[in-house]
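Each chain is listed here by its residues.
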Amino acid sequence: MPENVALILRFHLMGGEDVSVVSGDFEGEPEAVAAIARAVDERHSLVLMRARYDRETDVNGMVINLANVVSVRVSKTDSAEAGQYL
């Protein structure tokens, strides 16, 4: 089984704010996108067990309420090259 990678999950909220979370909960980008889509479709929160909020150094469990999220970008890098939100 492949080792999980650190992914940057950038949530764009209805109010216009962007929130970044670094997560080690997924094997890759496709798995992260599928888990987020499933949580949105089922109206559940996204549960992460190995996450860091923004630039914090501590790894914690985190529950993210997706009710006010407009879009999510999943990337291995956090830079302008990662693209814009749709």
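The structure presented is a predicted model; accordingly, all values stated were derived computationally and were not measured. (Residues numbered from 1 in each chain as written. Predicted model: local features only at pLDDT ≥ 70, side-chain atom pairs only at ≥ 80, totals over all residues. Heavy atoms only, no water.)

Peer 1: Just to check I follow, could you spell out the side chain of serine 75 for this structure?
Peer 2: Along the chain, serine 75 falls in strand β5 (residues 69-75). A distance of 2.7 Å separates a polar side-chain atom of serine 75 from the backbone oxygen of threonine 77. (Helix = DSSP H or I, 4+ residues; strand = E, 2+ residues; numbered from the N terminus. Polar contact = N/O pair within 3.5 Å; in protein donor to acceptor, adjacent residues only side chain to side chain.)

Peer 1: Help me understand the side chain of serine 23 in this model?
Peer 2: Residue placement: serine 23 occurs in strand β2 (residues 18-26). Serine 23 sits in the buried class, given a relative accessible area of 1%. In terms of polar contacts, serine 23 uses its side chain to reach the side chain of aspartate 25, at 2.9 Å. Not counting chain neighbours up to four residues away, the residues in contact with serine 23 comprise Val5, Ala6, Leu7, Leu9, Leu48, Arg50 and Ala51. (Buried < 20%, exposed > 50% of the residue type's maximum accessible area, 1.4 Å probe, protein only. Contact = heavy atoms within 4.5 Å.)

Peer 1: Would you mind showing me how to read the pairing of strand β4 (residues 60-64) here?
Peer 2: As a general feature of sheets, a regular strand has side chains that alternate between the two faces. Summarising the sheet, strand β3 (residues 46-53) and β4 pair through four bridges and their orientation is antiparallel. When the sheet's bridge partners are listed, valine 47 is paired in β4 with valine 63. (Pairing = 2+ DSSP bridges.)

Peer 1: What's the story with the sheet that holds β3 in this structure? I'm lost.
Peer 2: Neighbouring strands of a sheet are bound in pairs by backbone hydrogen bonds; such pairs are parallel or else antiparallel. A sheet is described by the order of its strands in space; here five strands give the open sequence β4-β3-β2-β1-β5, paired in antiparallel fashion. Lying at the two open borders of the sheet, with one neighbouring strand each, are β4 and β5. On average, each strand axis in the sheet is inclined to that of its neighbour by 45 degrees, with strand direction left out of account. Relative to β5, strand β1 (residues 5-13) is paired through six bridges, and the arrangement is antiparallel. Pairing of histidine 12 across the sheet is with serine 71, part of β5. Along the sheet, helix α1 (residues 29-41) contacts β1, β2, β3 and β5; its crossing angle with β5, the most-contacted strand, is approximately 165 degrees. (Axes fitted to C-alpha atoms, helices over the stretch in contact; angles between N-to-C directions.)

Peer 1: What exactly am I supposed to notice about the nonpolar core here?
Peer 2: A general feature of soluble globular proteins is that nonpolar side chains tend to end up buried together. Within the largest apolar cluster, 18 residues are counted, with the highest numbers of intra-cluster contacts made by Leu9, Phe11, Val21, Leu46, Leu48 and Ile64. Sorting the residues of this core by element identifies β1, β2, α1, β3, β4 and β5 as the ones contributing at least two each. Top contributing element to this core by residue count: α1, with four residues. Once residues lying within four places of it in the same chain are set aside, the contact partners of valine 21 are Leu7, Ile8, Leu9, Phe11, Leu48, Ala51, Arg52, Asp54, Met62 and Ile64. (Core = buried A, V, L, I, M, F, W, Y, C linked by side-chain atoms within 4.5 Å.)

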